[in-house]
Amino acid sequence: VVLFHPNLNVSQVFNTFEETFQRVYQIVSVAFQDKKINLCNVHLPSDAQLSPAMAEKKRKVEMSLLIGLKPDLICGDFNENEGSSRQLFDLLESNHYYDAILHNNQNNKATKIKDKRGDFIFVKNELKQLVDYFYTVDLKQYKMDKNEETFLSDHFPLVIGLKQ
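This write-up is about the structure you can find in this document.

Rules used throughout
Residues numbered from 1 in each chain as written. Predicted model: local features only at pLDDT ≥ 70, side-chain atom pairs only at ≥ 80, totals over all residues. Heavy atoms only, no water. Helix = DSSP H or I, 4+ residues; strand = E, 2+ residues; numbered from the N terminus. Buried < 20%, exposed > 50% of the residue type's maximum accessible area, 1.4 Å probe, protein only. Contact = heavy atoms within 4.5 Å. Areas by Shrake-Rupley, 256 points an atom, 1.4 Å probe, with all protein chains shown as cover. Salt bridge = Lys/Arg side-chain N within 4 Å of Asp/Glu carboxyl O. Phe/Tyr/Trp six-rings, centres within 6.5 Å; stacked < 30°, edge-to-face > 60°. Pairing = 2+ DSSP bridges. Core = buried A, V, L, I, M, F, W, Y, C linked by side-chain atoms within 4.5 Å.

What follows covers the overall build of the chain. Assigned secondary structure in the chain consists of 3 helices and 8 strands. From first element to last, N terminus to C terminus, the chain shows the α and β order β-β-β-α-β-α-β-β-β-α-β. The buried share of the chain, reckoned over its 164 residues, is 39%. The long-range fraction of contacts in the chain, counting pairs at least 24 apart against all pairs at least 6 apart in sequence, stands at 62%. Surface exposure of the chain reaches about 9500 Å², of which carbon and sulfur atoms provide 49%.

Further remarks concern the pattern of salt bridges. Opposite charge on two side chains permits them to pair, given that their charged atoms come into close proximity. This model, assessed by the stated rule, comprises 4 salt bridges. When the shortest N-O distance is used, the salt bridge between D90 and R86 registers 3.7 Å. Relative accessible area serves as the criterion here: at 34%, R86 is assigned to the partly exposed category. One connected set of salt bridges, linked through shared partners, spans R86, D90 and E93.

Once that is clear, we can look at helix α2 (residues 87-94). Listed as buried for α2 are Q87, L88, F89, L91 and L92. Those residues of α2 hidden inside the fold are in contact with α1 (52-68), β4 (73-77), β5 (97-99) and β6 (119-124). Positive phi shows up at H96, right after α2, with a value of about 70°.

Positive phi, close to 60°, is recorded for K70, a residue that is not glycine. Mapped onto the fold, K70 is located in the loop between α1 and β4.

What follows deals with the packing of aromatic side chains. Summed over all chains, the structure comprises 5 aromatic pairs. Geometrically, the ring pair formed by F78 and F122 is stacked, given 6.1 Å between the ring centres and 15° between the ring planes. Here F78 is found in the loop between β4 and α2, whereas its partner F122 is found in strand β6, with 44 residues between them in sequence. Like F122, F78 is buried. Where F89 meets F122, the ring centres are 6.0 Å apart and the plane angle is 70°; that geometry is what we call edge-to-face. Residue F89 is located in helix α2, and its partner F122 is located in strand β6; the two are separated by 33 residues in the primary sequence. Each member of the pair, F89 as well as F122, carries the same accessibility label: buried. Taken together, F78, F89, F120 and F122 form an aromatic cluster joined through their ring pairs.

Consecutive side chains of a regular strand alternate in pointing toward one face of the sheet and then the other. Most of β6 is tucked away: 6 of the 6 residues are buried. Residues of β6 alternate between two faces, with D119, I121 and V123 on one and F120, F122 and K124 on the opposite face, all of them buried. As paired elements, β4 and β6 share 5 bridges and run antiparallel to each other. When the bridges of β6 are listed, I74 appears paired with F122.

Formed by 18 residues in total, the largest nonpolar core has its most connected members in V42, M63, I74, F78 and L92. Mapped onto this core, the elements with two or more residues apiece are β2 (24-32), β3 (35-43), α1, α2 and β6. Here the element with the most residues in this core is α2; it accounts for 4 residues. Those residues in contact with V42 that sit more than four places away from it in its chain are F21, V24, Y25, L66, I74, C75, G76, D77 and F78. In terms of nonpolar packing, the next biggest core, distinct from the first, is built from 15 residues, C75, I101, V123 and V131 among them.

Now the structure itself:
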């Protein structure tokens, strides 16, 4: 996660469940002007490290714990490809979070080189009016060498702008 604003003040929020998580999450409080937003960045378990059934179960448990902390934005690598299981989508939507990719009607846009979507930004419904723009950095902009074969990651950056 990269945050930018000239008058931005970011502070770490205690990671209550840090030892419970298979990978990592971080919650920060971001203050700018008269607004304060709690942002959660998470990397949820992968089927490559656990069995698919175990990874799916662990992802749901971890996301439920995060939702209970009530962050304003939840973003990161959910390791749940759109079109496979929708358990995290359903969980987030039932807890009043909005999938920011819908802001620009890009819900079929890949966020990974393998033409899948595994990275997400969800915003609390009551804050979705603050979403100014959202986009996924295009693959053409992401190639790092003249043979166009080297990438910094197999995931593309997601960019969200919030209105002041």
